[in-house]
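Reading the structure
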Amino acid sequence: MGQTKPSHRPVAGCTEAQLAAVSPPRPGLRQPASYRPPPPGVVVARPAWKVTSIRTAHGPKPLSVHVGDCTMDDYGRGISRDEARRLITEGVEPCPYCSPENALGMTG
């Protein structure tokens, strides 16, 4: 007699956690370590200033400058205070929500 293959259909009444506990891990579905949240108790330092950029054929092009804790930009690169001031004076748009130019004392 032949063996039967296990069913891969959802089981009624089981939660995701119960199914995950009995199903084998599937390769390729784990997030890279850089995307996983830090372990409990670990404090991650945020940059004081950050810049959002886009990729171009000639390298990254800055789009907007943000205060470090601005929630409108989650993927910006951390920059120094001096670089934030320089980018704004060179014409890079300051974020309209966090107003980094005010925090930098650049408004007249």
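Below you will find a few notes about this structure. (Residues numbered from 1 in each chain as written. Predicted model: local features only at pLDDT ≥ 70, side-chain atom pairs only at ≥ 80, totals over all residues. Heavy atoms only, no water.)

Here we come to the sheet that holds strand E4 (residues 93-94). An order of E3-E1-E2-E4 is seen for the 4 strands of this open sheet, with the pairing classed as mixed. Of all strands in the sheet, those with a lone pairing partner are strand E3 (77-79) and E4, marking the two edges. In this structure, strand E1 (residues 49-56) lies alongside strand E2 (residues 59-67), joined through 8 bridges in antiparallel fashion. Pairing of serine 53 across the sheet is with proline 62, part of E2. Its contacts with the sheet put helix H2 (residues 81-89) on E1, E2, E3 and E4, and the angle it makes with E3 is roughly 100°. (Pairing = 2+ DSSP bridges. Helix = DSSP H or I, 4+ residues; strand = E, 2+ residues; numbered from the N terminus. Contact = heavy atoms within 4.5 Å. Axes fitted to C-alpha atoms, helices over the stretch in contact; angles between N-to-C directions.)

The residue proline 62 is located in strand E2 in this model. Between the C-alpha atom of proline 62 and that of valine 51, which follows or precedes it by 11 residues, the distance is 6.5 Å. Residues in contact with proline 62, not counting those within four places in the same chain, are Val51, Thr52, Ser53, Leu87 and Val92.

A few words now on the state of the cysteines. The full count for this structure, using the stated rule, is 0 disulfides. Here cysteine 70 is not disulfide-linked; the sulfur of cysteine 98 is the nearest cysteine sulfur, at 3.7 Å. Here cysteine 70 falls in the buried class, since its relative accessible area comes to 6%. No disulfide involves cysteine 95; its sulfur sits 3.7 Å from the nearest other cysteine sulfur, which is in cysteine 98. (Disulfide = S-S within 2.5 Å. Buried < 20%, exposed > 50% of the residue type's maximum accessible area, 1.4 Å probe, protein only.)

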